[in-house]
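# Fold and geometry: a report
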Amino acid sequence: MKKIACLFSLVLMTLLTTAQVPDKSWWTFSYSEGGSPDGDLLNLRYLNEHFAGENGFIKLSADGNSFVNGKHKEIRFWACNGGSMASGFNDQKLDSLAKFLAKMGVNLIRYHGAINPKGKNTSINDVDTTEARNIWRCVAAMKKQGIYTVISPFWPANGHMGGWIPKEWGIDGYSGKDDMWAVLYFNDKLKVGYKTWVKYLYTTPNPYTHVALKDEPAVAIIQVENEDSPFFWTMSGIKPELAKTVGVQFSKWLRNKYGPLESIKDTMALLPIYDLTLPPKESTQKRVRDQVEFYAARQRGFYDDMVHYYRDVLGCKQLINGNNWRTASQSRLLDLERWANSGADVIAVNKYFDPQHKGANAGWRIDPGDFYGAPSALKNPADMPTNVKHVAGHPMMVTESGWNLPNKYQTEGPLLVAAYGGLTGLDAFFWFSPSAVNFATQPYYTFLNIKGQHPLNRWTTSTPGEMGMFPANALIQRLGYVKEAKAVTEQRTMNSMLDRYVPPIFEEQSFDPNRDFVIGDKKNEGQGKLSPLTFLTGNVSTTYNSKKDTFKVSADLAQLINTKEGKVTSVTGEQALNYKDGIFTLNTPKAKAVTGFLSSKGVFDLSGVTITSTNEYATIELVSMDGINIDHSKKILLQVGTIFRPTNWGEEPTTITNKNQQLTGFKITNTGKMPWLAMPVNGSIAIKNKLIKKAIQLDAAGHAIKKLDLQISADGVALKLPADAYYILLED
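All residue numbers refer to positions counted from 1 along the written sequence of the respective chain. For a predicted model such as this one, the threshold for reporting local features is a pLDDT of at least 70, and the threshold for listing and counting side-chain atom pairs is 80 or more; totals across whole chains, interfaces and linings nevertheless cover every residue. To get the side-chain values, all heavy atoms of the structure are used, and hydrogens and water are removed first.

One bridge is not enough; two strands pair if DSSP finds at least two bridges between them. Starting at the N terminus, helices and strands are each numbered in turn, a helix being any DSSP run of H or I of at least four residues and a strand any DSSP run of E of at least two. Ordered in space as S11-S30-S29, the 3 strands form an open sheet in which the pairing is antiparallel. Since the sheet does not close on itself, it has two edges, and those belong to strand S11 (371–372) and strand S29 (650–658), each with one partner. Relative to strand S30 (residues 661–670), S11 is paired through 2 bridges, and the arrangement is antiparallel. When the sheet's bridge partners are listed, phenylalanine 371 is paired in S30 with lysine 667.

Working definition: rings of Phe, Tyr and Trp (its six-membered ring) pair if their centres are within 6.5 Å, and the pair is stacked with planes under 30 degrees apart, edge-to-face with planes over 60 apart, and tilted otherwise. Enumeration according to the criterion identifies 48 aromatic pairs in this entry. Here tyrosine 202 and tyrosine 310 contribute two aromatic rings whose centre-to-centre distance is 5.6 Å and whose plane-to-plane angle is 85 degrees, an arrangement assigned as edge-to-face. Of this pair, tyrosine 202 sits in helix H6 (residues 188–203) while tyrosine 310 is found in helix H9 (residues 285–313), placing the two residues 108 residues apart along the sequence. Take tyrosine 202 and tyrosine 310: they sit in the same class, and that class is buried. Put simply, the rings of Tyr185, Phe186, Phe231, Phe250, Trp253, Phe294, Tyr295, Phe302 and Tyr303 pair up and form one aromatic cluster. Relative accessibility thresholds used throughout: buried, under 20% of the residue-type maximum; exposed, over 50%; partly exposed, between the two (1.4 Å probe, protein chains only).

For the rest of this paragraph, the subject is the pairing of strand S5 (residues 108–112). Across the 5 residues that make up S5, a large majority, 5, are buried. Of the two faces of S5, the one holding Leu108, Arg110 and His112 and the one holding Ile109 and Tyr111 are both buried throughout. With 3 bridges joining them, strand S4 (residues 79–81) and S5 adopt parallel strand pairing. Bridge pairing links asparagine 81 to arginine 110 in S5. The handedness rule is simple: strands pointing away from the viewer, and a clockwise path from the first strand over the helix to the second, make the crossover right-handed. The β-α-β motif built from S4, the intervening helix H2 (residues 91–103) and the parallel element S5 has right-handed crossover chirality. In this fold, the crossover linking S5 to strand S6 (residues 148–152) by way of helix H3 (residues 129–144) has right-handed handedness.

Pairing analysis gives 4 bridges linking strand S33 (residues 694–698) to strand S34 (residues 704–708), with the strands arranged antiparallel. Bridge pairing in S34 links alanine 695 to leucine 708. Between S33 and the antiparallel strand that follows it, S34, lie 5 residues; glycine 702 among them carries a positive phi value of about 85 degrees.

The subject of this paragraph is the packing of H6 against H9. Axis definition: a line fitted to C-alpha atoms, limited for helices to the stretch in contact. Angles are taken between N-to-C directions and run from 0 to 180 degrees. For the pair H6 and H9, interaxial distance at closest approach is 11 Å and the crossing angle is 30 degrees. In terms of orientation, H6 lies roughly parallel with respect to H9. Seen along the crossing, H6 lies across H9 with a hand that is right-handed. Residues Asp188, Lys191, Tyr194, Lys195, Val198, Lys199 and Tyr202 of H6 form the contact with H9, whose participating residues are Arg298, Phe302, Asp305, Met306, Tyr309 and Tyr310. For classification purposes, angles smaller than 35 degrees are called roughly parallel, those larger than 145 roughly antiparallel, those between 65 and 115 roughly perpendicular, and all remaining angles oblique. By the definition used in this description, the sense in which the near helix is turned from the far one sets the handedness, with an anticlockwise turn below a right angle giving left-handed and a clockwise turn giving right-handed. We call two residues in contact when some of their heavy atoms are within 4.5 Å.

Shown next as structure tokens:
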């Protein structure tokens, strides 16, 4: 296989096209809940249980790699964040959100909250009862629509905790606006406080269901906390008081390991996290290894204790996940992070696709004058959020992700997640995050005015290009229309992980604009034996505590990965990506799809389905709705998405220098206003299916607009796509 360096010279190139500015040919996107219920022709609520937990608690499959319901039948999830919207929604709006999400195919939601007490003069053992009540409201509302809930009750970012840490909490060195990174692992006062908070949350009867959450099967998974690790850069920024506490604990750990050596001080000085990212050196290896092992053992002990507390003390019957974070070195530390979490049932990570958005407030909003690089994952496959290494015996979740604004190529995201998530056995992918009851009609921060413009919410998934693409892909994921296949099976010894040796394959550094304040030297990451494109060929999994470091490749990767032509094919042959041209096709018996820069090829033959398009960029999918192969199906969803932009959106090509790198992309000259506008579709489809007799164009709410002129022949049917095609129902 060719060197990875050659690969990245191709995959990291950013596409520069003319600016995508809406003109008079673009059609207006709108969503209306009006109309007769009988006319609601696209509603996936039927995929959900009558109520979440109808068949008992979510459990692990026999091999531990996936989820089953209480009757031991496989259950597959299409998920999103947004549970915390309960804090701003009354009961009616919360119920409306639940109904809309169920209609779009969602059956799992994450409540990313903060149960800790808020503000000055609070005790660490107080509880935010308002937050608890909103969690209870969320669980109850979602349950009625067959949507399970994952609860994440704590994140030590100060702003998320309420913006103020009182001295009354008694956490040495921490008060005011301090973030509390890593404190929970090493400070017993905070740990006791945390246990007090979640005891109230899980053991108090939910006033909306009269069932305590510990006994509530509609709660699928408990997440101990969000985004924190002693293996991340934030460990070097802890307060001196906490560093001293950790140093004392490290000293005791060393004496337990080596005995009373003179070199072991009562308080050991901690090496900066940067030292843990460096390649092993003989002169420092023993010292670094000891600190790495201590951090790993401390974190593992914390999560093991939390599993015991939730399960054996509180009596919670749900599956448990420890954390969802990354490390300062994905090659040298991530497997240790995952091992530390593997005493819990479920493994998770947060991983976004980077729109290369740069601006003073890029962490939370899009301002006029900001830059974005306009990358497509189709041309940057090493950055795809589904590229994760699974841990054998544990389901794998991506608990936050998205093709966030100002990304213009959002419509590729849901298809790629369904296609590669299904291939690799990804058990849940949570889109971050809904911001409205249905589609965002006011995604602007209207309280801010910049020369007559309002900043745009960069985190909303309630867009036509992202949430609007849920239905077809929820069907693909939840009905198992994509085959799962193994590509690489790895075994790692504890010694190799503690010595920070680079494994044969590792995940690339994920993206988060609010946490990427320190970037490690990529040269320190080393080089794996396998290309990162291996993640696109099939499942990559690892086993810890093995007797020997080994890996087994289940396919001929040299045949599947063609770096010369820029092509990757899956083990099953169902997924094919041309990352040079930016075109992806999915070809399964029940789902046919293409996404990307289609005009460069124009015609796509997918085993009985021909898709033709001259669009510069589009996503076109045909998915069986009755579980029968496309060629004999009597009900097929045709879903189309192009590029969506606010009215009056303005941008112009530009190049900037960022961290000594030149980035080519666009300067945003106008953040626009509502409504959303969509680039017109130019294409057609032909299906070798003699049973389909009619085509009905639907609006964004799934209601019939009109019948389309379906061309019927001896071979099947053909349809020219309307310029404003979004959802089309093909029926017998």
